[in-house]
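Residue strings, one per chain:
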Amino acid sequence: MQFDSQAGRLLTVVAEDDSVLLVRAQAGDTLAFEQLVERHRDQVFGLAARMLGSPDDAAEIAQETFLAAYRHLPEFRGDSAFGSWVYRIAANYALMRLRHRKVANEVETPTDPDSPQFNERGSLLDNIADWGRDAEGQTLDAELRGAIEQASAGLPEEYREVFVLRDLEGLPYEEIATLTNTSLAAVKSRLHRARLALRQAIDRFYAERES
Amino acid sequence: MSNTCKECIDLLLDYVDGELPVEMRARLEVHMGECEPCDQFLKTYKATPGLCRKALAAKMPESVAKKLGDFLRLEMKKDRKA
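1. Re the overall build of chain B
Next up, step 1: Tallying secondary structure elements over chain B gives five helices and zero strands in all.
Next up, step 2: Reported as C-alpha extents along the three principal axes, the dimensions of chain B are approximately 75 × 25 × 15 Å.
Next up, step 3: Sorting the 82 residues of chain B into buried and exposed places 27% on the buried side.

2. Comments concerning the overall build of chain A
Next up, step 1: When you go through chain A residue by residue, the secondary structure sums to eight helices and two strands.
Next up, step 2: Starting at the N terminus and ending at the C terminus, chain A contains elements arranged as β-β-α-α-α-α-α-α-α-α.
Next up, step 3: For chain A, with 211 residues in total, the buried portion stands at 32%.
Next up, step 4: Expressed as a percentage of contacts within chain A between residues at least 6 apart in sequence, the contacts between residues at least 24 apart total 64%.

3. Some thoughts on the environment of Ala68(A)
Residue and element names in this part refer to chain A.
Next up, step 1: Tracing the chain through its elements places Ala-68 in helix H3 (residues 55-71).
Next up, step 2: We classify Ala-68 as partly exposed; it has 15 C-beta atoms within 10 Å.
Next up, step 3: Expressed as a C-alpha distance, the spacing of Ala-68 and Val-187, which sit 119 residues apart in the sequence, is 27 Å.

4. Some words on the interface of chain A and chain B
Next up, step 1: Taken together, the contacts link 44 residues of chain A with 38 residues of chain B.
Next up, step 2: Counting only elements with at least two residues in the side of chain A that touches chain B, the list comes to helix H2 (30-52), H3, helix H5 (142-153), helix H6 (157-168) and helix H8 (184-210) of chain A.
Next up, step 3: For the side of chain A that touches chain B, the element with the highest residue contribution is H2(A), accounting for nine residues.

5. Overview of the packing of helix H7 (residues 173-180) of chain A against H8(A)
Each pair of packed helices can be summarised by the angle the axes make with each other and by the distance between the axes.
All names here are of chain A.
Next up, step 1: At a closest axis distance of 9 Å, the pairing of H7 and H8 adopts a crossing angle of 100°. Considered as vectors, H7 and H8 are oriented roughly perpendicular to each other. Residue-level contacts link Tyr-173, Glu-174, Ile-176, Ala-177 and Thr-180 of H7 to Leu-184, Val-187 and Lys-188 of H8.
Next up, step 2: Classifying every residue of the contact of H7 with H8 by side-chain character gives five nonpolar, one polar and two charged.

6. Focus: the nonpolar core
Nonpolar side chains tend to gather and get buried jointly when the protein is soluble and globular.
Next up, step 1: Grouped together as the largest cluster of nonpolar side chains are 54 residues, with contacts concentrated most on Ala48(A), Ala62(A), Ala90(A), Ala94(A) and Ile148(A).
Next up, step 2: The greatest single-element share of this core, amounting to ten residues, is contributed by H2(A).
Next up, step 3: Leave out the neighbours within four places in its chain, and Ala48(A) touches Asp57(A), Ala58(A), Ile61(A), Ala62(A), Ala90(A) and Ala94(A).
Next up, step 4: Formed by twelve residues, the second largest nonpolar core is a distinct cluster that contains Leu124(A), Ile128(A), Cys38(B) and Tyr45(B).

7. Remarks on H5(A)
Next up, step 1: Look at H5(A): 16 Å from first C-alpha to last across twelve residues, which is about the 16 Å you get at 1.5 Å a residue.
Next up, step 2: Leu144(A), Ala147(A), Ile148(A), Ala151(A) and Ser152(A) are the residues of H5(A) that are buried. Axial view of H5(A): buried residues confined to an arc of 130°, hence all on one face. Exposed side of H5(A), more than 90 degrees from the buried face: Ala142(A), Glu143(A) and Gln150(A) are the residues found there.
Next up, step 3: The inward-facing, buried residues of H5(A) abut H6 and H8 of chain A together with helix H4 (36-55) of chain B.

8. As for the confidence of the model for chain A
All names here are of chain A.
Next up, step 1: Per-chain confidence: chain A averages 85 in pLDDT, with 84% of residues scoring 70 or above.
Next up, step 2: Averaged over each element, pLDDT in chain A is lowest for strand E1 (residues 2-4) (47) and highest for H3 (96).
Next up, step 3: Under a pLDDT of 50 for its full length, residues 1-6 has, in the predicted model, eight contacts with residues more than four places off or in other chains.

9. Let's talk about H4(B)
Next up, step 1: Helix length check: H4(B), at 20 residues, gives a terminal C-alpha distance of 28 Å against a target of 28 Å (1.5 Å per residue), a fit within 8%.
Next up, step 2: Remark: the principal bend of H4(B), roughly 35°, maps to Thr48(B), with a proline, Pro49(B), within the next four residues.
Next up, step 3: Among the residues making up H4(B), those that are buried are Cys38(B), Gln40(B), Phe41(B), Leu42(B), Thr44(B), Tyr45(B), Thr48(B), Pro49(B), Leu51(B), Cys52(B) and Ala55(B).
Next up, step 4: Contacts from the buried residues of H4(B) go to H5, H6 and H8 of chain A together with helix H1 (5-10), helix H2 (12-16) and helix H3 (22-34) of chain B.

10. Re the packing of H2(A) against H3(A)
Residue and element names in this part refer to chain A.
Next up, step 1: At their nearest, the axes of H2 and H3 sit 8 Å apart, and the two run at 140° to each other. Considering the angle they form, H2 stands oblique to H3. The interaxial crossing formed by H2 with H3 has right-handed handedness. Where H2 approaches H3, its residues Phe-33, Val-37, Arg-41, Val-44, Phe-45, Ala-48, Ala-49 and Leu-52 are matched on the opposing element by Pro-55, Asp-57, Ala-58, Ile-61, Ala-62, Thr-65, Phe-66 and Tyr-70.
Next up, step 2: Residue composition of the contact of H2 with H3, by class: 13 nonpolar, one polar and two charged.

The rules behind the values
- Residues numbered from 1 in each chain as written.
- Chains lettered and ligands numbered in written order.
- Predicted model: local features only at pLDDT ≥ 70, side-chain atom pairs only at ≥ 80, totals over all residues.
- Helix = DSSP H or I, 4+ residues; strand = E, 2+ residues; numbered from the N terminus.
- Buried ≥ 20, exposed ≤ 12 C-beta atoms within 10 Å, placed from the backbone.
- Contact = placed C-beta atoms within 7 Å.
- Axes fitted to C-alpha atoms, helices over the stretch in contact; angles between N-to-C directions.
- Parallel < 35°, antiparallel > 145°, perpendicular 65-115°, else oblique.
- Nonpolar A, V, L, I, M, F, W, Y, C, P; charged D, E, K, R; others polar.
- Core = buried A, V, L, I, M, F, W, Y, C linked by C-beta atoms within 7 Å.
- Expected span 1.5 Å × (residues − 1).
- Arc of directions from axis to C-beta.
- pLDDT = per-residue confidence, 0-100.
- Bend = angle between axes of the 7 residues up to and from the residue.
- Left-handed = near helix turned anticlockwise from the far one by under 90°.

The structure is reproduced here in structure tokens:
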């Protein structure tokens, strides 16, 4: 939105559609490509930061992603939106980096994430703090944010990647299975365990605050 | 026969996704109606992704955005020369 001081009124600046910018970028207009980058960089950076738990790695993934997108512009036929296309490139790069980390760190033994406790009859032993009711409307304070960040960073990588792709980024299960090269059942199982661990961490946070 | 808490919690992902067969869903809901800890567990399980989305939201810092722009301009220039 801009203000026309002479006419004393607001002017609405209609932003060009991604598809228009894309056509211009494909014709060699680098400024148009830069505008596309500006529109989608937060989403790409956010995905990589959540998956890798490192802003520095996320910045590198953003560079790799947009450079790859630029170099493959002529092949992009527009079957999906530009944002979705770039997003999937970023997801692939982030997953590749995670795989590389695993190979480089062979001694890593994934710890079982936090999960609820039951007695021998299968009854829940935990006392659940009452925080589920109005969670959607809650404003997060820094301490809770920190507790969630810590719990997310502590998840085994194969759980975190599925949780990020599904619960934070909203990708369909089938696509996550393809991206992570695993079965649908494994994706669901990992997601469930990641949610249990994160729920447990939030619950512990509230319980400690109340005590 | 009623489910145990553990059996119910194992089914929560499919329950929340609406993918449980009708009979299993009904048994789980009977349990939830009678077991307050599980009912509370379900509410907090459902609330978890939303809270995490808020907590883990990330915006590219200005300094990183600038570096990205500089990097891409340089690479695009190199590509055009090649």
